[in-house]
Amino acid sequence: MERYFQPEIECASREQLKAWQDERLVKQVRHVWDNVPSYRKKMEEKGVTPEDIQSSADLYKLPFTSKADLRDNYPDGLVAVPRSKCVRVHATSGTTGKRVMAFYTQHDIDLWTDCCARAITAVGGSEEDVCQIAYGYGMFTGGIGLDQGSRRVGCLTVPISSGNTDRQIQFIRDLGTTILCCTPSYAAYLGESMHEMGMTPDQIPLKAGIFGAEAWSEEMRQDIQNTMGIKAYDIYGLTELSGPGVAFECSAQSGMHINEDHFIAEIIDPDTGEVLPEGSKGELVFTSIDKEAFPLLRYRTRDICILKREKCSCGRTLVKMCKPMGRSDDMLIIRGVNVFPSQIETVLLNHGYPANYQIIVGRVKSTDTLDVHVEMTPEMFTDNVGEIERRQKQLVDGLRAMLGLAAKVTLVAPKSIVRSEGKAVRVIDNRKI
Ligand code: DLL
């Protein structure tokens, strides 16, 4: 079998890529206008019609789409095809309101698969490889997305999903897994566990890892590479746009190529919405130009980033994005789960606590920890340890139901959380990323 590399697309001239983008964007805008009333309404409010969009140079005329639009149209108000044409739905973690549901036609699954297959090929994957998918399967896009890509490349695919570290290591050993796909924090944890078991890098069959879904640093990359004796590559994506594979790293390991035949990227000023010149740091905005079921026009990712168009040593001409450098909203990603402080606040308020709390995020042995300190009111105050434990457990259960995450809750005495002079410091993120 030929390797999955598609130089006619991935190394196409900038003129060719722009020509594809222009043609697909024009079609996409018409599709959205004809089929999604709320997009049409937003365009009308801005005084734009499909005729105003003749090429990607007209993109700036279109209104932005934000998470709030997705929330207002939950669950399927932005879907542009009849239900009967949809074959799959995925969703982000988070509860109703904050949850995003993404719909796919078979065509959408095919193009997403294509993106993931490119990512696996870019790290050297071929039908000779064993690819272990340790991202979660299910509503999360990580597991199934890379699974599809791995099978398209022709790798022997191991759909092990996340967790169960001993079993992961056993499969890596027994099957001779060469490519590992999981979050970078889980990769670091697996590496540490193998090291503790006395496995040296030359005894570990892995050669590459595809790690994404959360922020990670260059130091973490070096650590993972050294403990497992592999090359560690980044991969970026979001449920709204399909899932992993919107952008992927190549042999140069210096930023991720965006699949520009499927997505147009822009960088904007998060405060003014103004499009910034090439090389500027700002919020990453994507338009999906050939998705059918869930097309997004100028979707504000909230990820802060820089785009680079310099020539890449791998030969690809697709624009590169740097590692996301933070977010322009307050979303945290804890053990791969998207968490908004407001969700934690809702649980506290529902249990009768005032909104005096502090969220402390840390990392112990490569696993994220979530600690919530909650102030009791003077009326609630007690020094009965049993009673405090009972109340803490109630909140732990409430948080687990809301977030799907285990948190540690500590009830603290009234007025013991330091009041800030300005904005309250609700979140302390001690992770070094
Ligand atoms: O995390 C999709 C994915 C799965 C990507 C597996 C890569 C690998 P969501 O759960 O919708 O989708 O979260 C999307 O995660 O807006 C970023 O803030 C963050 N994110 C994703 N990849 C990276 C990365 C998946 N490589 C949100 N570096 C995005 C930093 C990332 N942040």
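One structure accompanies this document, and this report is about it. All values derive from a computational prediction rather than experimental measurement.

## Side note on the packing of aromatic side chains
Per the counting criterion, the structure on display carries five aromatic pairs. Ring centres of phenylalanine 211 and tryptophan 216 lie 5.9 Å apart, and the angle between their planes is 75°; on these two criteria the pair is classed as edge-to-face. Classification of tryptophan 216 by relative accessible area gives buried; the value is 4%. With a centroid separation of 6.3 Å and an interplanar angle of 75°, the aromatic rings of phenylalanine 263 and phenylalanine 286 are classed as edge-to-face. Remark: phenylalanine 286 occurs in strand S11 (residues 281-288) and phenylalanine 263 occurs in strand S10 (residues 263-268); sequence separation between them is 23 residues.

## Here we look at the nonpolar core
Membership of the largest hydrophobic core comes to 73 residues, with the highest contact counts inside it found for Tyr236, Leu284, Phe286 and Met321. Looking at this core element by element, the count peaks at eight residues for helix H5 (residues 106-122). Sequence-distant contacts of leucine 284, that is, excluding residues within four places in its chain, are made with Tyr236, Ala265, Glu266, Ile267, Tyr299, Arg300, Thr301, Arg302, Asp303, Cys305, Leu307 and Met321. Listed in part, the 26 residues of the second largest apolar core include Ile334, Val374, Met402 and Leu411.

## Focus on the site of the ligand
What surrounds the ligand is a group of 22 residues, the closest being Asp234, Ile235, Thr239, Asp303 and Arg327. In the environment of the ligand, a nitrogen atom lies 2.8 Å from a nitrogen or oxygen atom belonging to the side chain of aspartate 234. Between the ligand and aspartate 303 there is a distance of 2.7 Å, counted from an oxygen atom to a side-chain nitrogen or oxygen. If the ligand stood free it would expose 610 Å²; the protein chains cover 96% of that surface. Looking at the shell around the ligand, the elements with two or more residues in it are helix H6 (141-153) and strand S7 (231-238). When residues of the shell around the ligand are assigned to their parent elements, the largest contribution, five residues, is made by S7.

## Details of the packing of helix H10 (residues 341-350) against helix H11 (residues 385-403)
At a closest axis distance of 10 Å, the pairing of H10 and H11 adopts a crossing angle of 135°. Our classification of the angle between H10 and H11 gives oblique. The interaxial crossing formed by H10 with H11 has right-handed handedness. Seen from H10, the contacting residues are Gln343, Ile344, Thr346, Val347 and Leu348; seen from H11, they are Leu395, Gly398, Leu399, Met402 and Leu403. Partitioned by chemical class, the residues of the contact of H10 with H11 number seven nonpolar, three polar and no charged.

## With respect to the pairing of S7
Side-chain positions along a regular strand alternate between the two faces of the sheet. Counting buried positions along S7 gives six out of eight residues, so the element sits mostly inside the fold. Across five bridges, the pairing between strand S6 (residues 208-212) and S7 is parallel. Note that in S7 the partner of glycine 209 across the bridge is alanine 232. At this point the chain moves from S6, through helix H9 (residues 218-228), to the parallel S7, and the crossover so formed is right-handed. Sheet analysis places S7 next to strand S8 (residues 243-249), joined by four bridges and oriented antiparallel. Its bridge partner being in S8, glycine 237 is matched across the sheet by proline 244. As consecutive antiparallel partners, S7 and S8 are separated by four residues, and within that stretch serine 242 has a phi angle of approximately 145°, a positive value.

## Focus on the side chain of histidine 90
Position of histidine 90 relative to the elements: it lies in strand S1 (residues 86-91). Since its relative accessible area comes to 1%, histidine 90 is described here as buried. Of note is the side chain of histidine 90, whose polar atom sits 3.0 Å from the side chain of arginine 88. Setting aside chain neighbours within four positions, we find histidine 90 in contact with Val100, Met101, Ala102, Tyr104, Trp112, Gly138, Met139, Phe140, Thr141, Ile144 and Thr239.

## Remarks on the side chain of glutamate 375
Along the polypeptide, glutamate 375 turns up in strand S17 (residues 367-375). Judged by its relative accessible area of 3%, glutamate 375 falls in the buried class. Among the polar contacts made by the side chain of glutamate 375, one reaches the main-chain amide nitrogen of isoleucine 417 at a distance of 2.9 Å. When residues no more than four places from it in sequence are discounted, the contact partners of glutamate 375 are Tyr353, Pro354, Asn356, Val412, Ala413, Pro414, Lys415, Ser416, Ile417 and Arg419.

Rules and cut-offs
Residues numbered from 1 in each chain as written. Predicted model: local features only at pLDDT ≥ 70, side-chain atom pairs only at ≥ 80, totals over all residues. Heavy atoms only, no water. Phe/Tyr/Trp six-rings, centres within 6.5 Å; stacked < 30°, edge-to-face > 60°. Buried < 20%, exposed > 50% of the residue type's maximum accessible area, 1.4 Å probe, protein only. Helix = DSSP H or I, 4+ residues; strand = E, 2+ residues; numbered from the N terminus. Core = buried A, V, L, I, M, F, W, Y, C linked by side-chain atoms within 4.5 Å. Contact = heavy atoms within 4.5 Å. Near = heavy atom within 4 Å. Polar contact = N/O pair within 3.5 Å; in protein donor to acceptor, adjacent residues only side chain to side chain. Areas by Shrake-Rupley, 256 points an atom, 1.4 Å probe, with all protein chains shown as cover. Axes fitted to C-alpha atoms, helices over the stretch in contact; angles between N-to-C directions. Parallel < 35°, antiparallel > 145°, perpendicular 65-115°, else oblique. Left-handed = near helix turned anticlockwise from the far one by under 90°. Nonpolar A, V, L, I, M, F, W, Y, C, P; charged D, E, K, R; others polar. Pairing = 2+ DSSP bridges. Right-handed = clockwise from strand over helix to strand, strands pointing away.

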